[in-house]
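# Coordinate analysis (summary)
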Amino acid sequence: MLLRLVPWLTVAAFLLPVAAGLLGTVLPAVGYFPALGGERFSLAPLRSLLEQPGLGKSVAVTLISGFASTLAAFATSTAFCAATHDSRLFRWARYLFTPKLAAPHAAVAIGTAFLLAPSGWLARLFTPWLTGWERPPDVSIVHDEWGMCMAFGLALKEIPFLVLMTMSALNQVRSSENLAVARSLGYGPATAWMKTVFPQVYPQIRLPVYAVLAFSLSVVDVAIILGPTNPPPLAAYVFRLFSHRDLAMQFPAAAGAMLQLGLVAAGIGVWRLAELAVSRLFRGWLTAGSRGGGVPVGRVWAWSALGMCTGAAVLGAAVMGVWSLARSWWFPAALPSRWTLDNWSRHLDNLADPFWTTVVVGCAATGLALVLVLGCLENEDRHRVRTERRALWLLYVPLLVPQIGFLFGLQVVLVRLGVDGGLGAVVWSHLLFVLPYVFLALADPWRSKDERYARTAACLGCPPRRVFLRVKLPMLLRPVLFAAAVGFAVSVAQYLPTVFAGAGRQATLTTEAVTLSTGADRRVIGVYAFVQAALPMLVYLAAVGLPGRRRE
Amino acid sequence: MNRLLAACFCLVLCLAAGDSRAAEPWGKVVEQADGQTVYWNAWAGSEATNEYIQWVADEVENRFGITLKHVKVANLAESVSRVLAEKSAGKTDDGSVDLLWINGENFLAMKQNDLLYGPFAERLPNYELTNADDWPTLTEDFTVPTEGYEAPWGMAQIVFLHDTRRLPDPPRSMNELLAWAKKNPGRFTHPQVSNFMGSTFLKQALYELAEDPEVLQEPATDSNFQRVTEPLWAWYGKLRPHLWRDGEQFPENAPAQHQLLADAEVDVSISFHPPEASNLIQNGLLPPTVRTYVLDGGTIGNTHFLAIPFNSSSKEAAMVTANFLLSPEAQARKQDPRVWGDLTVLDLDGLSDEQRKVFHELPKGAATLSREELGDPLPEPHPSWMNRIVEEWGRRYSG
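Thresholds, definitions, all that
- Throughout, residues of each chain are indexed from 1 in the direction in which the sequence is written.
- Here every chain gets a letter starting at A, and every ligand a number starting at 1, in the order they are written.
- It should be noted that, the model being predicted, local features are given only for residues of pLDDT at least 70 and side-chain atom pairs only at 80 or more, the latter also being counted only at that level, while totals for whole chains, interfaces and linings use all residues.
- Working from all heavy atoms in the structure, the side-chain values ignore hydrogens and water.
- By definition, any uninterrupted DSSP run of H or I lasting at least four residues is a helix, any uninterrupted run of E lasting at least two residues is a strand, and each is numbered from the N terminus.
- When we talk radius of gyration, it's over C-alpha atoms, and the globule rule is simply 2.2 Å times the number of residues to the 0.38.
- When a residue's accessible area, from a 1.4 Å probe over protein chains only, is under 20% of the maximum for its type it is buried; when over 50% it is exposed; and in between it is partly exposed.
- By definition, residues are in contact when any of their heavy atoms lie within 4.5 Å.
- Residues grouped as a nonpolar core are buried Ala, Val, Leu, Ile, Met, Phe, Trp, Tyr and Cys residues, joined through side-chain atoms within 4.5 Å.
- Aromatic rings from Phe, Tyr and Trp, with only the six-membered ring used for Trp, were paired whenever their centres fell within 6.5 Å, and each pair was classed as stacked if the ring planes differed by under 30 degrees, edge-to-face if by over 60, and tilted otherwise.
- Think of it as a cone above the ring: NZ of Lys or CZ of Arg counts as a charge over the ring if it is within 6 Å of the ring centre and within 35 degrees of the ring normal.
- Throughout, buried area stands for the accessible area (probe radius 1.4 Å) lost by two parts on being put together, summed over both.
- Each salt bridge in this description consists of a side-chain nitrogen of Lys or Arg and a carboxyl oxygen of Asp or Glu lying within 4 Å of one another.
- Between N or O atoms, a polar contact is any pair within 3.5 Å; within protein, one atom must be a potential hydrogen donor and the other a potential acceptor, and residues adjacent in sequence are included only when both atoms are from side chains.
- DSSP-based pairing: two strands are paired if at least 2 bridges between them are found.
- Each axis is a line fitted through C-alpha atoms, and for a helix only the stretch in contact is used; angles between axes span 0 to 180 degrees, taken between their N-to-C directions.
- Angle categories are assigned with fixed cut-offs, so that under 35 degrees is roughly parallel, over 145 is roughly antiparallel, 65 to 115 is roughly perpendicular, and the rest are oblique.
- Crossing handedness: left-handed means the near helix sits turned counterclockwise from the far one by under a right angle, and right-handed means the same turn made clockwise.
- Classification convention: Asp, Glu, Lys, Arg as charged; Ala, Val, Leu, Ile, Met, Phe, Trp, Tyr, Cys, Pro as nonpolar; all other residues, Gly among them, as polar.
- Crossovers are described as right-handed under a simple rule: with the strands pointing away from the observer, the path leading from the first strand over the helix to the second runs clockwise.
- To estimate the expected span of a helix, count its residues, drop one, and scale the result by 1.5 Å.
- Here the bend at a residue is taken as the angle between two axes, fitted respectively to the seven residues that end there and the seven that start there.

Below, the discussion takes up the overall build of chain B. Secondary structure assignment for chain B yields 15 helices and 10 strands. Its C-alpha atoms give chain B a radius of gyration of 21 Å, near enough to 21 Å, the size a compact globule of 399 residues would have. The principal-axis extents of the C-alpha atoms in chain B amount to approximately 65 × 50 × 40 Å. Here chain B holds 399 residues, and 63% of them are scored as buried. In chain B, once contacts between residues fewer than 6 apart in sequence are set aside, the share between residues at least 24 apart is 80%.

Here it is as structure tokens:
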């Protein structure tokens, strides 16, 4: 009986805060915010928003960088899968890409920023012996005007996510059989994949792609670290308005949050239209029978994508590690002029609090998410219901609605309930984002498990609870642990939810790293970014390593 | 004469201490503060600052049983809007912020919206040591009367940083700066104008370029703003194309610009703390060849303050902390360039010989200017100038 309630509980834990938060943002956006003397509905906030300098360009930058990163990530991940399907590289990709999923966006962005800047590590490695520079060139790479660096940083993180999503979607279609038939008819490998597998896979990864698009269009922390600054992308612009010294700016800020919501909705709409257009345009190509050669382009692309993602992640983490050990490091030296352990010894104490907050919140949010997701899945099993595609959309709501659009309102709601600033509020806000990923990571392996074991146990008189605990869970220990690691990583990476729900009182490694990233001391940023990246990685390695050892 | 003054001051102090009406409540305040937790929202972009605050936390814990937590903020306006969100939700006690490091437009915003507790400054016993009555910047925050809603904490004055290895003879006026920038494109920038250091740079330029700087002490009006700031925009319009990244990008704040100076991306940086450069050199964050200078016409100076939100549930502990921050011991440590290098608000003449000696014995640091070299600070313009300059800059140069 209780189990039947779990899906409803899950939806409630999820949609209520989002809805309440949206309401809390919509009201000020239309002029209602009594604390600031806004007691009548009006369009003044919208007008005030439209008068903000640089708003038009900010929207343009957002659209350009958001679509650029999503397109690049989508095209690359598709090319990767098409070119390497069923090869050894493809099987290896799971192990190479998954850890990158665990690295928080902020850590990747901070590493990328120092790697690529004109006075950054790459430049230092080749200066002056190759470049002849005495001073770093005055060119804009990081924080560039049109957000290309930001798009690059986002794509680095999104490629692994989309590849993994595609992989799990491949389990649901008979990809190998289809490919075998196509190849026996003389189609080139990549062409065969694009013509037979892709049309079946795309509907399965449509939601993840939308989530990536929504995220790219509305991310705040990466925009702060890599994005343009004058004007910044819309989400960072709105965040800046929310924290503007003139409190009257809360009104246009709320209107801006609504604009952000509209932008994401429109972005997804445009993508959907493009899907329809592409499917119509290529329908002919699908059935025309052109076999395609053994095009090496896809393979080159695949390898370079893998190389770039891995290289950037490894070099980015390495450079932050090097900085954390530097005492001073002047341009153009390739390595610090003086080394020290001071940065670590001095900050170990300060790290302790955010470290434990991160761990506790991550474990609590992941634990809750696991309970809810397992409850939902077990409910499916026992009552022979299958979560509909529509229900899946509900799950994606927190990933599709821009954070900036409802977190301010959510903060007001939390304050009203008197629970803001507590760990509980932070855990709850993290749960919104952890739960969908845990569900995504666990649903497929759970549904494709071999039902015969459970049925056999039931036939032997085992009650459902025991079947769940003694048969299903041990069978699925590996995916459960993997889902937990993904959930933990998602929690570690949360920036805005922590800031808003935690009332600034709950400092995590991510909030500290982002705060520090605007404030300079790169050696200290190095310490925080390194720990921030290392923590989810360790959890991931533990999740992968533990059951393996047990099996032996 | 000075000695006489000091003697009078001591007498006043004794009288104040003997006044049971003032002394008893403070004793009670300290008593109530024991066991309270103070969430201190303070800008956290500098390691020196953070470590100093950590030291304060340890001290007030040991001495008064106060748990002090540093809420690290990138921009204090975040905290202002949080207190506002709480007020809007009807949360009139147990607010999430107990103490603020604040000044200027944030103070004005909180004061105008009745978000502050007070007046409390004169209740702090150590407030007497500041001799605020004779020192107008301690009771006026950007020309706005503090009326006891803020306690002074530290003094600041603009200095410019240059790397003598690349730029031995830096430009010492805004017009010289323009001429130099034309010859050396891409070697100068300023922090983003939405950051207080960036807008302060523009205010500093306005001081030199405005026909009559006196008018900046009054609120800006629709009728005079364009006229007064016209020379500023004419000058800036010529400067901007020669800035770092063609004036399209700006460092987030002053520490970010120090980083650019260290990375050799620019040749000049700007700071509000005269001894900061020495501190950064000593910590390995700036090359040892960096020195500081002020402009020929003088530079803007101001005071930064401590304030308590109206809905703090630890007002007593916040006051005890503020009082400790005003103690000669805490102030001397703050001024030490090896620790932080933020100038004291105390009137040294009013201290005991022993206390004064501590201040006099502080090392100056290689890149720190003396009191004489710094010269008399120019007073901050009314906040309305800053708000309008930021707006106008945005209109002209964003997007």
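From this point, things continue past the structure.
Phe 80 and Leu 226 of chain A are the most contacted members of the largest nonpolar core, which totals 184 residues. With residues up to four places along the chain from it excluded, the contact list for Phe 80 of chain A reads Leu 89, Phe 90, Ala 93, Phe 97, Val 163, Ala 302 and Leu 306 of chain A. Formed by 47 residues, the second largest nonpolar core is a distinct cluster that contains Leu 68, Leu 99, Leu 326 and Trp 340 of chain B.

Moving on to the packing of aromatic side chains. Two numbers describe a pair of aromatic rings. These are the distance of the centres and the angle of the planes. In this structure the tally under the stated criterion is 42 aromatic pairs over all chains. Between Phe 74 of chain A and Trp 271 of chain A the ring centres are 5.9 Å apart and the planes differ by 75 degrees, which places this aromatic pair in the edge-to-face class. Here Phe 74 of chain A is found in helix 3 (residues 55-84), whereas its partner Trp 271 of chain A is found in helix 12 (residues 250-281), with 197 residues between them in sequence. Plain terms: the ring middles of Phe 161 of chain A and Tyr 437 of chain A are 5.8 Å apart, the flat faces sit at 70 degrees to each other, and that makes the pair edge-to-face. In this pair, Phe 161 of chain A sits in helix 7 (residues 148-170) while Tyr 437 of chain A sits in helix 18 (residues 423-447), placing the two residues 276 residues apart along the sequence. Among the aromatic residues, those joined into a ring-pair cluster are Trp 40, Tyr 52, Trp 55, Phe 64, Trp 101, Trp 153, Phe 324 and Trp 340 of chain B. It is Lys 57 of chain A that lies over the ring of Trp 146 of chain A; its NZ or CZ is 5.1 Å from the centre. The ring centre of Trp 285 of chain A lies 4.7 Å from the NZ or CZ of Lys 195 of chain A, which sits over that ring.

With 67 residues of chain B in contact, the opposing surface of chain A contributes 56 residues. When chain B packs against chain A, close to 5000 Å² is buried across both sides, 50% of that on carbon and sulfur atoms. Where chain B packs against chain A, one counts 6 salt bridges. Between Asp 138 of chain A and Arg 245 of chain B there is a salt bridge whose closest N-O contact spans 2.8 Å. Taken together, chain B and chain A are joined by 15 residue pairs in polar contact (both at pLDDT 80 or more). Among the secondary structure elements, those contributing two or more residues to the side of chain B that touches chain A are helix 3 (47-64), strand 2 (67-73), helix 4 (77-88), helix 5 (105-112), helix 9 (254-262) and helix 15 (383-397) of chain B. Counting residues per element, the side of chain B that touches chain A draws most heavily on helix 4 of chain B, which supplies 9 residues.

The next subject is the sheet that holds strand 7 (residues 159-163) of chain B. All names here are of chain B. Strand order in the open sheet formed by 3 strands is 8-7-9, and the pairing between neighbours is antiparallel. For this open sheet the edge positions go to strand 8 (268-271) and strand 9 (290-293), each flanked by a neighbour on one side alone. Taking each pair of neighbouring strands and ignoring which way they run, the sheet shows an average axis angle of 30 degrees. Docked against the sheet, helix 9 engages strand 7, strand 8 and strand 9, running at close to 155 degrees with respect to strand 8.

For the rest of this paragraph, the subject is the packing of helix 3 of chain B against helix 12 (residues 328-335) of chain B. Residues and elements named next belong to chain B. Between helix 3 and helix 12, whose axes approach to 11 Å, the crossing angle comes to 160 degrees. With respect to their mutual orientation, helix 3 and helix 12 come out roughly antiparallel. As helix 3 packs across helix 12, the resulting crossing turns out to be right-handed. Of helix 12, the residues touching helix 3 (which contributes Tyr 52, Trp 55 and Arg 63) are Glu 329, Ala 330, Gln 331, Arg 333 and Lys 334. The residue inventory of the contact of helix 3 with helix 12, partitioned by class, reads 3 nonpolar, 1 polar and 4 charged.

It is worth spelling out the environment of Val 268 of chain B at this point. Residues and elements named next belong to chain B. With respect to the helices and strands, Val 268 occurs in strand 8. The class of Val 268 is buried, set by a relative accessible area of 0%. Each C-alpha atom of the pair Val 268 and Asp 163 lies 7.1 Å from the other, and the pair is 105 residues apart in sequence. Among all residues touching Val 268, those that are not within four sequence positions of it are Phe 160, Leu 161, Leu 167, Trp 180, Arg 187, Phe 188, Gln 257, Leu 261 and Tyr 293.

A few words now on the sheet that holds strand 2 of chain B. Residue and element names in this part refer to chain B. If you trace the 5 strands from one edge of the open sheet to the other, you get 2-1-3-10-6, paired in mixed fashion. In this open sheet, the two edge strands, each paired with only one partner strand, are strand 2 and strand 6 (151-157). Pairwise comparison of adjacent strand axes, ignoring direction, gives a mean angle of 20 degrees for this sheet. As judged from the 3 bridges shared by strand 3 (residues 99-102) and strand 10 (residues 301-307), these two strands associate in the antiparallel manner. Bridging across to strand 10, Trp 101 finds its partner in Leu 306.

What follows deals with the pairing of strand 7 of chain B. Two faces belong to every sheet, and in a regular strand the side chains alternate between them. All names here are of chain B. Of all the 5 residues making up strand 7, 5 are buried; the element is thus mostly covered by neighbouring parts of the structure. Of the two faces of strand 7, both are covered, the one formed by Val 159, Leu 161 and Asp 163 as well as the one formed by Phe 160 and His 162. With 4 bridges connecting them, strand 7 and strand 8 associate as antiparallel partners. By the bridge assignment, Phe 160 is partnered in strand 8 with Ile 270. Pairing between strand 7 and strand 9: 4 bridges, direction antiparallel. Its bridge partner lying in strand 9, Phe 160 is registered against Tyr 293.

Residue and element names in this part refer to chain A. Following both chains from N to C, one finds helix 17 (residues 403-417) and helix 18 inclined at 150 degrees, their axes separated by 12 Å at the closest point. Considering their axes alone, helix 17 and helix 18 lie roughly antiparallel with respect to each other. As for how helix 17 packs across helix 18, the hand of that crossing is right-handed. Only Ala 425, Trp 428, Leu 432 and Phe 433 of helix 18 make contact with helix 17, whose side of the interface consists of Gln 403, Phe 406 and Leu 414. Of the residues contributing to the contact of helix 17 with helix 18, the split by class is 6 nonpolar, 1 polar and no charged.

Right, let's get into the pairing of strand 1 (residues 37-43) of chain B. Residue and element names in this part refer to chain B. A large share of strand 1 lies buried, amounting to 5 of its 7 residues. Sheet analysis places strand 1 next to strand 2, joined by 7 bridges and oriented parallel. Bridge pairing in strand 2 links Ala 42 to Lys 72. With helix 3 bridging strand 1 and its parallel neighbour strand 2, the resulting β-α-β unit is right-handed. Strand direction decides the pairing type here: strand 1 and strand 3, joined by 2 bridges, are parallel. When the sheet's bridge partners are listed, Trp 40 is paired in strand 3 with Leu 99.

Moving on: helix 7 of chain A. Residue and element names in this part refer to chain A. Compared with an ideal rise of 1.5 Å per residue, which puts 23 residues at 33 Å, helix 7 spans 31 Å between its outermost C-alpha atoms and is within 8% of the ideal. Of all the bends in helix 7, the greatest, near 30 degrees, is centred on Glu 158, and the proline Pro 160 appears no more than four residues after it. Within helix 7, 21 of the 23 residues are buried, which leaves the element mostly enclosed by the surrounding structure.

Further remarks concern the side chain of Ser 384 of chain B. On the secondary structure map, Ser 384 of chain B appears in helix 15. In contact with Ser 384 of chain B, other than residues within four places in its own chain, are Pro 219 and Ala 220 of chain B.

The step from Asn 230 of chain A to Pro 231 of chain A runs through a cis peptide bond, and the omega angle for that step is -5 degrees. Here Pro 231 of chain A shows up in the loop between helix 10 (221-226) and helix 11 (234-242). Along the chain, Phe 331 of chain A connects to Pro 332 of chain A via a cis peptide bond; the corresponding omega equals 0 degrees. Relative to the helices and strands, Pro 332 of chain A is located in the loop between strand 3 (326-328) and strand 4 (338-339). Despite not being glycine, Asp 114 of chain B shows a phi value in the positive range, around 55 degrees. A positive phi angle is found at Asn 131 of chain B, which is not glycine, with a value near 55 degrees. Among the secondary structure elements, Asn 131 of chain B is positioned in the loop between helix 5 and strand 4 (140-141).

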